[in-house]
Amino acid sequence: MKLPSIPPRKRLSALLGPIPLTRTQALGASERLAAVTSLVSSLEHLANRRHTRPGGLNHWAIAREAYAARSRPLRKALDITAHPWTTRALHGGRIAASAALLLPGNSRLRGAANLFLGVSGAMLYPTHRYGTDGSDQASGLVQTATGLARLSSSPQTQDALLWYVAAQSTLSYAVSGWVKLLGSDWRDGSALGGVMRTRTYGERHAWQLTQRYPKQARALAHGVLALECLFPLVYVKGGTLTRPLLASAASFHVANGFVMGLGRFVTSFTAMHPAVAYTAASRSHPAVAGRDDRLLAVTGALAAGGAATAAALAVARRLRAADPRAGAGTVTTRHGNELVFDGVVRSDSTGPVLVYVHGLAATPGHFGWYVRAAREENGHDWLLYSRAGYGPSRRTTRRAYTLRESADDLADLVASAVPPGRRVVLVGHSLGGEIARRAAGQLGDRLQAVVYLDSSHPAELNRSHQQGQTADHVGSALQAFTVSLRAGLGALLSRPDWLDNLPAAWRRRTMAEYADARLWRAALREWRSAEVEFRGHEGALRPVDAHALVVSAQHTVDRDPEQLLMHGEIADAHRAPGRVVRTTVIEGADHDGLLTDPRLAGEALRHLKDFLAETDRTDRTDATDRTNRTGTADHATTAPGEAGSR
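What counts and what doesn't
Residues numbered from 1 in each chain as written. Predicted model: local features only at pLDDT ≥ 70, side-chain atom pairs only at ≥ 80, totals over all residues. Heavy atoms only, no water. Phe/Tyr/Trp six-rings, centres within 6.5 Å; stacked < 30°, edge-to-face > 60°. Helix = DSSP H or I, 4+ residues; strand = E, 2+ residues; numbered from the N terminus. Buried < 20%, exposed > 50% of the residue type's maximum accessible area, 1.4 Å probe, protein only. Pairing = 2+ DSSP bridges. Contact = heavy atoms within 4.5 Å. Core = buried A, V, L, I, M, F, W, Y, C linked by side-chain atoms within 4.5 Å. pLDDT = per-residue confidence, 0-100. Axes fitted to C-alpha atoms, helices over the stretch in contact; angles between N-to-C directions.

*Asks:* Account for the packing of aromatic side chains, naming residues and giving values.
*Replies:* One pass over the full model with this rule turns up nine aromatic pairs. The interplanar angle of 70 degrees and the centroid separation of 6.1 Å between the aromatic rings of Tyr356 and Tyr370 together place this pair among those described as edge-to-face. Within this pair, whereas Tyr356 is found in strand 3 (residues 353–357), its partner Tyr370 is found in helix 17 (residues 368–377), the two being separated by 14 residues in sequence. Across this residue pair, the class does not change: Tyr356 and Tyr370 are buried.

*Asks:* If you had to explain the pairing of strand 3 to someone new, which residues and values would you point to?
*Replies:* Counting buried positions over the five residues of strand 3 gives five, a clear majority of the element. Here strand 3 shows no split at all, with Val353, Val355 and Val357 on one side and Leu354 and Tyr356 on the other all buried. Here four bridges tie strand 3 to strand 4 (residues 381–385), and the two strands are oriented parallel to one another. Paired with Val353 across the two strands is Asp381, which belongs to strand 4.

*Asks:* Break down helix 15 (residues 273–280) for me, with residues and values.
*Replies:* Counting buried residues in helix 15 gives eight out of eight residues, a clear majority hidden from the surface. Turning to helix 15, its buried residues number three or more, namely His273, Pro274, Ala275, Val276, Ala277, Tyr278, Thr279 and Ala280. Where the residues of helix 15 are buried, they touch helix 2 (23–47), helix 8 (155–181), helix 13 (242–259) and helix 14 (263–270).

*Asks:* Run through the nonpolar core, naming residues and quoting values.
*Replies:* Among the nonpolar cores identified, the biggest contains 60 residues, and Val355, Leu410, Leu413, Val424, Leu426 and Leu447 are the most heavily contacted of them. With nine residues, the single largest contributor to this core is helix 23 (residues 517–535). Core analysis: the next-biggest nonpolar cluster, separate from the first, contains 35 residues, Leu162, Met196, Leu227 and Ala275 among them.

*Asks:* Any chance you could break down the confidence of the model for the protein chain for me, citing the residues and the numbers?
*Replies:* Looking at the protein chain, the pLDDT average stands at 87 and 93% of residues meet or exceed 70. Long-range and interchain partners of residues 633–646, a stretch whose pLDDT sits below 50, account for zero contacts in this model, where long-range means more than four residues apart.

*Asks:* How would you summarise the sheet that holds strand 5 (residues 424–429) if you had to cite specific residues and measurements?
*Replies:* Adjacent strands of a sheet pair through backbone hydrogen bonds, lying either parallel or antiparallel. Judged by pairing direction, the sheet is mixed, and its eight strands sit side by side in the order 1-2-4-3-5-6-7-8 without closing on themselves. Taken across any chain shown, the strands that pair with only one partner, and hence form the sheet edges, are strand 1 (329–332) and strand 8 (581–586). Neighbour-to-neighbour, the strand axes of the sheet open up by a mean angle of 20 degrees, direction not taken into account. Summarising the sheet, strand 7 (residues 547–553) and strand 8 pair through six bridges and their orientation is parallel. Across the sheet, the residue bridging to Ala553 is Ile586, located in strand 8. Against the sheet, helix 25 (residues 561–572) touches strand 6 (447–453), strand 7 and strand 8, its axis set at about 170 degrees to strand 7.

Given below as structure tokens:
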């Protein structure tokens, strides 16, 4: 018996087209998939209570430090939630509610169960923040929306909440894809092998397959990239591509669950798919007849208003960041760059001038505590400047950037802004320390000392395993910041915690510069040059004829002891007879805390003050010794002549 052939058009129509789900079916499917996520999550937490005990990954005595700066009522509520009996009770309730939601029915009580899961998940997240990988947050979003929809008797409200879930799902895929597109490893297809090689998410056999079949691995990586970037096409032509896109996305999550061990990803993110299927179908389809799509228009209007507001904020921040402080000066360097500087250089003073050199993707405001100390103590004169491309300083040269350019600019700044005869002390943080070291050779006798604050070392990408591993991600992160801020998303940039630790007078301007795309574009330019030069570095550091103070952050050297050895080599490059060379590690300090934390900055300033006093004494002693030796030598050469004349 010959089977009837199926026309190609019919076969194609089985693969394409919308997935006809009614409002009730979409709500039921979403809440059940999310309930599976909550059920598995709570069972896992109860089965692995060792993680919340002393020494565990989520031991609250340690985890609560992340919320030390929050309000007292919130910290008290979190302490109550983190108590073992409270945690067990909440997880027990979540297991019961999740199991109940897996049963058939459309009662409004299901809405209360969903809301309980959403609220309790948010309460437990701070105590279980390590190990969720976003799955609990995704399921909590679905449960909160479906809970409100179940409790509402208005179809319009239910449709608005389903649109909300669908929009979140679509944006999560699209944003993830376009951010990946900024990374060279995703564009060249090598990202899949890189992920499979990691200890956290990798799998040895999968990584071996990527090495054995590189073309197929690249094709798969590009496929994931295309799926995420093009996911919004699910709404084209009445949902024609709904089936292949949702099937591909679901397969992607199943693969993640199997290979990467992210089992809850499968149900947490696919819990959003029913809402996507419901909203993607054409309104003419019988399954979605009467669907209310007004949220689209409202969202579009809000998005347009938000974009206009963001653009206005971006312009205001750019003007504030590019506007020099009152009394600031400008220096045009040999490269044509215009550097804007601020400071105090008194005409009646003879001591050295401290010149502060900020780090990568940083601002002069990071030295706020150092400048404040200089002003209040009426100590050494100081200069603070923005490198070309940062803040109000402009980079006008069209030549390819190298770190030598920034070193030349620094030397030219000293030559123009510091009066003749005055010596300088270069104080550089992070990459600023390496730029100061490179500029030192051009300053000759004008350089008294270099102070390195947790400085970069040109061999760190080759010798430090941690630095070498993270280097690949630094460029991608800088690129993502640059593109996002240039797209006007600076209004969404969260205020960094370190900003509120700075002196109040510096915060507003520092935030404006931090949210300015020009800073991140300049940082990306510097990083690309530094990465090439650092990876190509060989041999010992060139000697520097100046005193040196090398300050290391404890977190930096504890995390990677090789950094302490490299900081020692920076100090060794300064060692010579008559030179003061000091090294110190600031306890409890991290890389940026040396500058932004008032207590840690005060500790570093104490070492800086003692170091400068010692160098002053040493230089005065050397000058006196030279004078005495010169006088003795003159006397020894003239005395015989005088004796002969008599």
